There are 4 protein chains.
Amino acid sequence: MNKYASLQEQAFEANRELPRKGLVSETFGNVSAFDKDLGVFAIKPSGVPYPELTPKTMVVLDLENRIVLGKLRPSSDTPTHRMLYRYFEGISGICHTHSSFATAWAQAEKPIPVLGTTHADLVHGDIPCTSVITDEQIEKQYEIETGQLIVNTFSHLSPLEVPMVLVARHGPFTWGASAKQAVYHSVMLEELARIAFHTLQINPKIEKLKASLIEKHFQRKHGPDAYYGQEKSGNQR
Amino acid sequence: MNKYASLQEQAFEANRELPRKGLVSETFGNVSAFDKDLGVFAIKPSGVPYPELTPKTMVVLDLENRIVLGKLRPSSDTPTHRMLYRYFEGISGICHTHSSFATAWAQAEKPIPVLGTTHADLVHGDIPCTSVITDEQIEKQYEIETGQLIVNTFSHLSPLEVPMVLVARHGPFTWGASAKQAVYHSVMLEELARIAFHTLQINPKIEKLKASLIEKHFQRKHGPDAYYGQEKSGNQR
Amino acid sequence: MNKYASLQEQAFEANRELPRKGLVSETFGNVSAFDKDLGVFAIKPSGVPYPELTPKTMVVLDLENRIVLGKLRPSSDTPTHRMLYRYFEGISGICHTHSSFATAWAQAEKPIPVLGTTHADLVHGDIPCTSVITDEQIEKQYEIETGQLIVNTFSHLSPLEVPMVLVARHGPFTWGASAKQAVYHSVMLEELARIAFHTLQINPKIEKLKASLIEKHFQRKHGPDAYYGQEKSGNQR
Amino acid sequence: MNKYASLQEQAFEANRELPRKGLVSETFGNVSAFDKDLGVFAIKPSGVPYPELTPKTMVVLDLENRIVLGKLRPSSDTPTHRMLYRYFEGISGICHTHSSFATAWAQAEKPIPVLGTTHADLVHGDIPCTSVITDEQIEKQYEIETGQLIVNTFSHLSPLEVPMVLVARHGPFTWGASAKQAVYHSVMLEELARIAFHTLQINPKIEKLKASLIEKHFQRKHGPDAYYGQEKSGNQR
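Definitions and cut-offs
Residues numbered from 1 in each chain as written. Chains lettered and ligands numbered in written order. Predicted model: local features only at pLDDT ≥ 70, side-chain atom pairs only at ≥ 80, totals over all residues. Heavy atoms only, no water. Contact = heavy atoms within 4.5 Å. Buried area = accessible area lost by both parts, 1.4 Å probe. Salt bridge = Lys/Arg side-chain N within 4 Å of Asp/Glu carboxyl O. Polar contact = N/O pair within 3.5 Å; in protein donor to acceptor, adjacent residues only side chain to side chain. Least-squares fit on C-alpha atoms with pLDDT ≥ 70 in both. Core = buried A, V, L, I, M, F, W, Y, C linked by side-chain atoms within 4.5 Å. Buried < 20%, exposed > 50% of the residue type's maximum accessible area, 1.4 Å probe, protein only. Helix = DSSP H or I, 4+ residues; strand = E, 2+ residues; numbered from the N terminus. Pairing = 2+ DSSP bridges. Axes fitted to C-alpha atoms, helices over the stretch in contact; angles between N-to-C directions. Phe/Tyr/Trp six-rings, centres within 6.5 Å; stacked < 30°, edge-to-face > 60°.

Below, the discussion takes up the interface of chain B and chain A. Chain B puts 35 residues into the contact, and the matching count from chain A is 36 residues. Across the chain B to chain A interface the summed buried area is about 3300 Å²; carbon plus sulfur atoms make up 53%. Of all residues in chain B, Arg73, Gln107 and Arg169 of chain B give up the largest surface area on contact with chain A, accounting jointly for 22% of the area buried on that side. Where chain B packs against chain A, one counts three salt bridges. Remark: the boundary between chain B and chain A carries 14 residue pairs in polar contact (both at pLDDT 80 or more).

Here you go:
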């Protein structure tokens, strides 16, 4: 038993969820799990079909881009994950997919506006879309610069209150308190993207949800007086 | 065997149908079952994933908001259910989902117009959309006020002839003679919302179904001379 | 073994295909199988959920509307089926669904234009939409008049070359050389309706397929020199 | 064991993938596998339902249109496959479907523009749409002329960099280094067609992906310095 086995297991389980949830085709997409104390994260190997994954195929890297465990090449998006773990305090899982409706919004270079309470239950405001990567950035280290684009987009946003982003022309990244939660956020993002699409087709003039409803729903689930779900400290389960 | 066991069982079975029918993701949505004689209803606990539900996890409450059985916190939408059981004579089940097309109509603040006989077979006229909750109502007891919005919307409508509503910016509630029928109405609402969406994309100028066809189809299934289905008093089954 | 057992079996098998193919929800839809020599058809009973069907529940009727076998009430659409068996020479199966895209076209009161070879492989020209039933017709025998609407629509069309129709504001009926083929035509109609919908969204100005391509594809599969599929008289299978 | 058994097996396996991936209904679609050394390809028989296929039912033909093995009539699209094997150097598998979104673009006579990196990862530029077949071509050998249309469309394109095409008013053909890869390209094409459809609905004014991003993503996966996936020569798997 290596000391990274649990992290590999978490990353493996979360990656296996992607095809089950219909979020990825073939080898697209990747999830990582981060352990802040160990200073490392486990991530899907590059280009390996989902049915062939095992916990041991998960590649473990530190935040300096050194492989500490694993024989395979890590996901080509690894530097983007690394950037987010460095800059976004408090996240321990990241998920990247090319899910259909979220990618359509990203390709359209449009943030997903907050139009209803389903959205506000999960995300505090619009789901932002980055600017398009510049030619200068493409010529540098592309995947690091993709991470930089995301970090810049959050200069005035809290990654804990808005646990997802659309990378313009590319697709979505989501994160959370665990790899499992990051995948959950990708599932929800795809559904929010789909509902917002149809909402605007039905009523192109609809405006954003008013601030009082955004606050009510977000705080009902995430605020200090949240009353959704079961008490965390309870002995109910 | 407690005297609420059957009600809990009904609520449990109906809640388990939601993910099977593709109406909910993760922990979203909830169904309750009401027993008029006992004056109580059983409802899904808050924030518990569907695979973890059992009949015993269903929380039983009376119409004064007192928990009479159950250790878990009930769904945060419980006060909305309670309001409907108090004001809508003759209903014994309520279902709330965030199903994709119905939620899009709700977010667009648009009632679903009756455009065909599939709709008229089930609902007597348009599927109404409430007004948006006011800031004053949000500051009061939000979920009770949501119920109040629905009740107000039905001031000139029969909840038995129109067994469903869109809560503006939020999503659908449906009801029926049982928890099972409430879920059936949610399934049908999602399909009606989807067909209406595509109908209006194909022909934006199409008008509502004419009154004679609405009456014919609604009465064929629900009127005193209904001839759809098998005789209820028959010995055929 | 009654002499209608084989017909009941065919009708049963074809009805069971409807939910498997995703064409119906709950109790909607119905299929019948006709035996020209016996002068009777077997049809789904009214309002019975699909999982509860057995061959013996299929109701057998003659073309004068007399039940010759079966204890249950037949589908409320039975008179429409009967009309088509009387007027459309050479058909031995009929299928009625409320499938999503086909119903949207019917609600929009629009025929489905022939836009590509997938359509021309199966249907010789547009898929027609009836006129809307008149108030006078509604007051007469509604389901017979629905059949009459379809028959009128085919006054200049061949039911063998165009084995399907949209009943305006209602939904599709399809038919064929057997109940099984009628269901196959419903499956294909839903897909043709879906592709035509998206085609016109991508290019609202696209015109119909030119006559030479319609003829080529229809004749390739259905003409006297058809070369699609295996020789019917061959011993290959 | 005949010397074509392996080729038949590859064609069989690839054809069986089509319904599993949701790309075909009923008997539509076909895949072939080509062996350059033997100078022959194995293809689906015409009009046989997918569940009835076995490796031995695959028909083996040479590039002069002679059947070298098999008792069944080959797919009616066989001459189109043959044309592509003759003119497109380096391909060993072809797949033809009527998948829903790709066919909608083909019926709309529109190429699918490259709008994001998901597309650029796989295809070097737009997915072209052929011109519509002329009446003169229809009167000649239709399926050969369909192949000719495709070949003409690639007069200035590389079939290895753009492994797919839309045949106007008909549907998509894809190809690759194997029958399996050709099917993979059909799966991806359908998803690219779907995402592009929604992208343009969200933002009708969005322009194509800029050249620098097209190059970056295509080269990252397919260029001489590709760093996606595992080293081909490695002993990792």
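What follows picks up the thread again.
Turning to the relation of the copies chain D and chain A, a few remarks are in order. Note on the identical chains: chain D maps onto chain A by a rotation of 90° and an axial translation of 0.0 Å, with an RMSD of 0.0 Å. Accordingly, the operation relating the two chain copies is best matched by a four-fold axis. Judged by C-alpha distance, Gln201 of chain D is the residue of chain D that lies nearest the rotation axis, at 6.1 Å. A low fraction, 3%, of the interface residues of chain D reappear at the interface in chain A, so the copies pair through non-equivalent surfaces.

A few words now on the nonpolar core. Counting residues in each nonpolar core, the largest one holds 68 residues, and the members touching the most others are Ile150, Leu166 and Trp175 of chain C. No other element matches the eleven residues that helix 7 (residues 179-202) of chain C contributes to this core.

Before going further, it helps to examine the sheet that holds strand 4 (residues 67-69) of chain D. All names here are of chain D. One open sheet accounts for seven strands, arranged 4-3-2-1-5-7-6; its pairing is antiparallel. Only two strands of the sheet have a single partner each, and these edge strands are strand 4 and strand 6 (164-167). With strand direction ignored, the average angle separating the axes of adjacent strands in the sheet is 25°. For strand 5 (residues 93-96) and strand 7 (residues 171-176), the ladder comprises four bridges, and the chain directions are antiparallel. For Ile94, the partnering residue across the bridge sits in strand 7 and is Trp175. Relative to the sheet, helix 1 (residues 5-20) contacts strand 1 (30-35), strand 2 (40-43), strand 3 (59-62), strand 4 and strand 5, its axis offset from that of strand 1 by approximately 155°.

The subject of this paragraph is the interface of chain D and chain A. Taken residue by residue, the interface counts 36 residues in chain D and 35 residues in chain A. Here chain D packs against chain A, burying approximately 3300 Å² in sum over the two surfaces, 52% of which is carbon and sulfur. Looking at the side of chain D facing chain A, the largest losses of area belong to Ile202, Tyr228 and Gln230 of chain D, adding up to 17% of the total buried there. Counting across the interface, chain D meets chain A through three salt bridges. One salt bridge in this structure joins Arg220 of chain D and Glu143 of chain A, with 2.5 Å as the shortest N-O distance. Put simply, chain D and chain A have 14 residue pairs in polar contact (both at pLDDT 80 or more) between them.

Turning next to the relation of the copies chain B and chain A. The two copies are related by a screw motion: chain B maps onto chain A through a turn of 90° and a shift of 0.0 Å along the axis, at an RMSD of 0.0 Å. When the interface residues of chain B are mapped onto chain A, a mere 3% of them are again interface residues, pointing to distinct binding faces.

The buried fraction of helix 3 (residues 100-107) of chain B amounts to eight of the eight residues, a majority that puts the element mostly inside the structure. Listed as buried for helix 3 of chain B are Ser100, Phe101, Ala102, Thr103, Ala104, Trp105, Ala106 and Gln107 of chain B. Buried residues along helix 3 of chain B sit in contact with helix 4 (117-120) and helix 7 (179-202) of chain A together with strand 6 (164-167), strand 7 (171-176) and helix 7 (179-202) of chain B. With its phi angle positive at about 60°, Glu109 of chain B sits one or two positions after the end of helix 3 of chain B.

Here we take up helix 2 (residues 78-87) of chain D. Most of helix 2 of chain D sits out of view: eight of its ten residues are buried. Those residues of helix 2 of chain D that are buried lie in contact with strand 1, strand 2, strand 3, strand 5, helix 6 (142-153) and strand 7 of chain D.

Next up on the list: the packing of aromatic side chains. The full count for this structure, using the stated rule, is 24 aromatic pairs over all chains. Taking 4.5 Å as the distance between ring centres and 25° as the angle between the ring planes, the aromatic pair formed by Phe34 of chain C and Tyr85 of chain C counts as stacked. With Phe34 of chain C in strand 1 (residues 30-35) and Tyr85 of chain C in helix 2 (residues 78-87), this residue pair connects regions lying 51 residues apart in the sequence. For the residue pair Phe34 of chain C and Tyr85 of chain C, the accessibility class agrees, reading buried in each case. Judged by centre distance (5.2 Å) and plane angle (40°), the ring pair of Phe41 of chain D and Tyr85 of chain D falls under tilted. Residue Phe41 of chain D is found in strand 2, and its partner Tyr85 of chain D is found in helix 2; the two are separated by 44 residues along the sequence.

This next bit is on unusual backbone geometry. The backbone of Asn65 of chain A shows a phi angle near 75°, a positive value even though the residue is not glycine. Here Asn65 of chain A lies in the loop between strand 3 (59-62) and strand 4 (67-69). The backbone of Glu109 of chain D shows a phi angle near 60°, a positive value even though the residue is not glycine. With respect to the helices and strands, the residue Glu109 of chain D is situated in the loop between helix 3 (100-107) and helix 4 (117-120).

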